[in-house]
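Summary of the model geometry
Chain by chain, the residues:
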Amino acid sequence: MWLAAAAPSLARRLLFLGPPPPPLLLLLLSRSSRRRRRLHSLGLAAMPEKRPFERLPADVCPINYSLCLKPDLLDFTFEGKLEASAQVRQATNQIVMNCADIDIITASYVPEGDEEIHATGFNYQNEDEKVTLSFPSTLQPGTGTLKIDFVGELNDKMKGFYRSKYTTPSGEVRYAAVTQFEATDARRAFPCWDEPAIKATFDISLVVPKDRVALSNMNVIDRKPYPDDENVVEVKFARTPVMSTYLVAFVVGEYDFVETRSKDGVCVRVYTPVGKAEQGKFALEVAAKTLPFYKDYFNVPYPLPKIDLIAIADFAAGAMENWGLVTYRETALLIDPKNSCSSSRQWVALVVGHELAHQWFGNLVTMEWWTHLWLNEGFASWIEYLCVDHCFPEYDIWTQFVSADYTRAQELDALDNSHPIEVSVGHPSEVDEIFDAISYSKGASVIRMLHDYIGDKDFKKGMNMYLTKFQQKNAATEDLWESLENASGKPIAAVMNTWTKQMGFPLIYVEAEQIEDDRLLRLSQRKFCASGPYVGEDCPQWMVPITISTSEDSSHAKMKILMDKPEMNVVLKDVRPDQWVKLNLGTVGFYRTQYSSAMLESLLPGIRDLSLPPVDRLGLQNDLFSLARAGIISTVEVLKVMEAFVNEPNYTVWSDLSCNLGILSTLLSHTDFYEEIQEFVKDVFSPIGERLGWDPKPGEGHLDALLRGLVLGKLGKAGHKATLEEARRRFKDHVEGKQILSADLRSPVYLTVLKHGDGTTLDIMLKLHKQADMQEEKNRIERVLGATLSPELIQKVLTFALSEEVRPQDTVSVIGGVAGGSKHGRKAAWKFIKDNWEELYNRYQGGFLISRLIKLSVEGFAVDKMAGEVKAFFESHPAPSAERTIQQCCENILLNAAWLKRDAESIHQYLLQRKASPPTA
């Protein structure tokens, strides 16, 4: 499953110029201790106790589900008939299954060759989402058929079997019936053994209006009139392979499609809203290239005869990897050649790559339990980049990985309220919590590090061994390590257990000494903490694959080592005194680096003259920013380094810089010198803005388009005069139809005119939103509405967020945009959430969207008492699936407050001094 992209302003990141003198170190340690004591006083340092939970008993298990469902698209109900071939493993007089929001009408069990036994009682355990069917006599070991007739509701909660609203080309509002079962919602569509390890085959039939499209995991094998109603047909699908319940899917609605065959002969279709088949062509092209790529990479064929990719109007996640029928948000699948921007094309390519990887890694071989979810999601989040790099080498996608995934994971994992990659999961309410940046982005980052450590050849060999051994079965993390260890001969389990079973990651401190023609490096590792130096008694240790490069050849490692102890000395042969030495080539190792002053000084010219590769320039800046954020160095030192990026040409490096300056801007919005940091932003971004201009030049490509949008948006938001004037001119022409804005310029222009606009601007924007036929354009507008500054208009935007005009899954980005737009917006968004909590919580029913809403809305606060207020609110308004997110948000608020207290004055003085004597480029 792909979680929908969070707002780009999601708080990001956190090195050190050298070992501080002992008094300063003591001060830092005591500060760090005080911050931890503050966390404990607010009760933020420990997660609440887990709810008691038991997995289903193993005395009865399914072999095959024969399932017929008849959805009513007007009354929003469905009737179901289940005949499950089951095996009774030990004698019992009851069958326990998962069941939620379903009413069972009749249930019986027919032992093979014996008489039917009718259930005499259905005991629903709603808390645990289970039902116990009681029988008057004992069911003896052997096989039989469990028959259940039931009814359920096509809910509006975007989980289970639910309804999704769409508008026909003629303007009529209608509903489709669609599914989203991961993690634990198949039980809302039919009573089942809803655990990933309880696999079975499925024979699915859907009884639907004859003018509707009906889809499921497999191909259609029969379509016949329904006896009681000539307007209805029964559509029967082929039997599935052995699979988990969370991967079952069905869709009933109105769709067009485009199709092709992959070079391996698999039928690939992309289903789109009616009249928009053209918008499915890009995803179709990506899917048709991706299937053979994975088949060759894993050396295992795709096991189904077809794969459908379908755009669903109301969809909580970004996409879901149902075997053979992958469901997507419209914006994660549809591309309009004229109206889609470059970043949307890239997003679609990544999401398609992610979900199709799951067809092998997750669907063919499935995690044994949700504890191993990271294996599914971390792996798919890594290999999607490998796939996109194969399909679109011009995207420079691996550099983008560092900014989008690696640094995001490090930011979260530096918190005291992070969690290990592998989390013991019990009750269903705990599963949603681990669909986060640790499972996805840290998981992907450590797999990237592992792939680099093993080498591609042995990695592929190990993957093939793993998939072949466990196909149609379930596996745990240890099983993958064993396969990779056998393929590579390296101590994979020993290394990787240090990364998956404990939370956090190391800070590697390095200092150098020239000894004749050689360079001696002294390395030490310590846990990196967002609150400052680690102060615990027993510091965790990692087995860290470390690469070391020098200025002699900045793109290849001079040495590779495995650091398996707290301290280590390394001698680099033949390194001249004038050459720099850098750790973590390509920013692949999941650690931060803290250089001695002399080593850092020697590296900085490599930023200005671009002799350091882009991903290493990015990593160096990001490490420095994070150390400043943690209070280990002064933020002023980082601002000075940021000014060295004046010649920077790389989009991703700018994107990361922009993100970090955004975090700093949000922090300084709590001061009275917010405008000064905007002046700094303008100074940093103006030269690249002037070089790029507004219009594409001949020979430019994908990354130039992304960079232009980023830079113009940054300058416009900061109030850069020339950018603001040009944005207003182009917006006026766009609205009047004289010159339509290119898709890549719309976000920066919309943001700029709104930030510096009035009620009329907002009204025009809302009108554009209403007129937009494409969901991408609606989302583009929704994300920037929060930039408006007037309290009255902010309230109007918040009210709009809950209106019928905004799809339920997109309300979160509207409210999050308001919270990230200004200091007043942050306060207004938090009040709005409190005032409308019941409606919002009911809408998202504890899914991950509620966690995202909370995170986007409160994380920008920087006053101690706000952490207490947030904590108190959620104590009286529980959100079980967001408990960890709430703890992390409160911790971040306290960290922001400490950062502001520590560095605000020195930042202010530096910005004033810059104003008085501007630096020369």
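Every chain is numbered on its own, with residues counted from 1 as its sequence reads. With pLDDT at 70 or above as the cut-off, local features in this predicted model cover only qualifying residues; side-chain atom pairs require 80 or more to be listed or tallied, and sums for whole chains, interfaces and linings still use all residues. Excluded from the side-chain calculations are hydrogens and water; all other atoms, namely the structure's heavy atoms, are used.

Taking an unreviewed UniProt entry as the reference, the protein is identified by name as Aminopeptidase belonging to Monodon monoceros. UniProt positions are given in the numbering used here, feature names are shortened, and annotations may be inferred rather than shown by experiment. Recorded in UniProt under Sequence similarities (unreviewed entry), the annotation for the protein is "Belongs to the peptidase M1 family."

Just to be clear on terms, a salt bridge is a Lys or Arg side-chain nitrogen sitting within 4 Å of an Asp or Glu carboxyl oxygen. Counted under the stated rule, the structure contains 57 salt bridges. Its salt-bridge partner being Lys-276, residue Asp-773 comes within 3.5 Å of it at the nearest N-O pair. Here Asp-773 is found in the loop between helix H20 (759-771) and helix H21 (775-784), whereas its partner Lys-276 is found in the loop between strand S17 (267-272) and helix H2 (281-298), with 497 residues between them in sequence. Among the residues examined, Lys-276 registers a relative accessible area of 12% and is labelled buried. Each helix is a run of H or I in the DSSP string that is no shorter than four residues. Each strand is a run of E no shorter than two, and both are numbered from the N terminus. Type-normalised accessible area, obtained with a 1.4 Å probe on protein chains alone, sets the label of each residue: buried when under 20%, exposed when over 50%, and partly exposed for intermediate values.

Another point: the sheet that holds strand S28 (residues 581-583). Any two strands with at least two DSSP bridges between them are considered paired. Taken in spatial order, the three strands line up as S26-S25-S28 in an open sheet, and their pairing is antiparallel. The open sheet terminates on both sides in strands that have one partner only, identified here as strand S26 (559-563) and S28. In this sheet, neighbouring strand axes are inclined to one another by 25 degrees on average, regardless of whether the strands run parallel or antiparallel. Every axis in this analysis is a line fitted to C-alpha atoms, fitted for helices over the stretch in contact. Angles between the N-to-C directions lie between 0 and 180 degrees.

Here we come to the UniProt feature "domain: Aminopeptidase N-like N-terminal" (unreviewed entry) in the protein. According to UniProt, the positions carrying the feature "domain: Aminopeptidase N-like N-terminal" (unreviewed entry) are residues 62-247. Helix makes up 0% of residues 62-247 and strand 61%. Its end C-alpha atoms lie 16 Å apart.

Where burial is concerned, most of helix H23 (residues 811-821) is hidden: nine out of the 11 residues are buried. In this structure, the buried residues of H23 make contact with H21, helix H22 (791-801), helix H24 (823-835), helix H25 (837-844) and helix H26 (848-858). The contact rule is simple, with two residues in contact once any of their heavy atoms fall within 4.5 Å.

For the rest of this paragraph, the subject is H20. Side chains that are three or four residues apart share a direction in an α-helix, a result of its 3.6 residues per turn. Expected span of a helix: the number of residues minus one, times 1.5 Å. The first and last C-alpha atoms of H20 sit 18 Å apart over 13 residues, in line with the 18 Å expected at 1.5 Å per residue. Turning to H20, its buried residues are Thr-761, Leu-762, Met-765, Leu-766, Leu-768 and His-769. Seen along its axis, H20 keeps its buried residues to an arc of 155 degrees; they face one direction. Turned more than 90 degrees away from the buried face of H20, the exposed residues are Thr-760, Lys-767, Lys-770 and Gln-771. Tucked inside the fold, the buried residues of H20 contact helix H18 (721-735), helix H19 (743-755), H21 and H22. Whenever a nitrogen or oxygen atom comes within 3.5 Å of another N or O atom, the pair is scored as a polar contact, on the condition that within protein one atom can donate a hydrogen and the other can accept it, and that pairs from neighbouring residues in sequence are kept only if both atoms are in side chains. At the N-terminal end of H20, a side-chain oxygen is found 3.1 Å from the backbone nitrogen of Thr-760, two or three residues along, and the residue is Asp-758. Here the arc refers to the set of directions running from the helix axis out to each C-beta atom.

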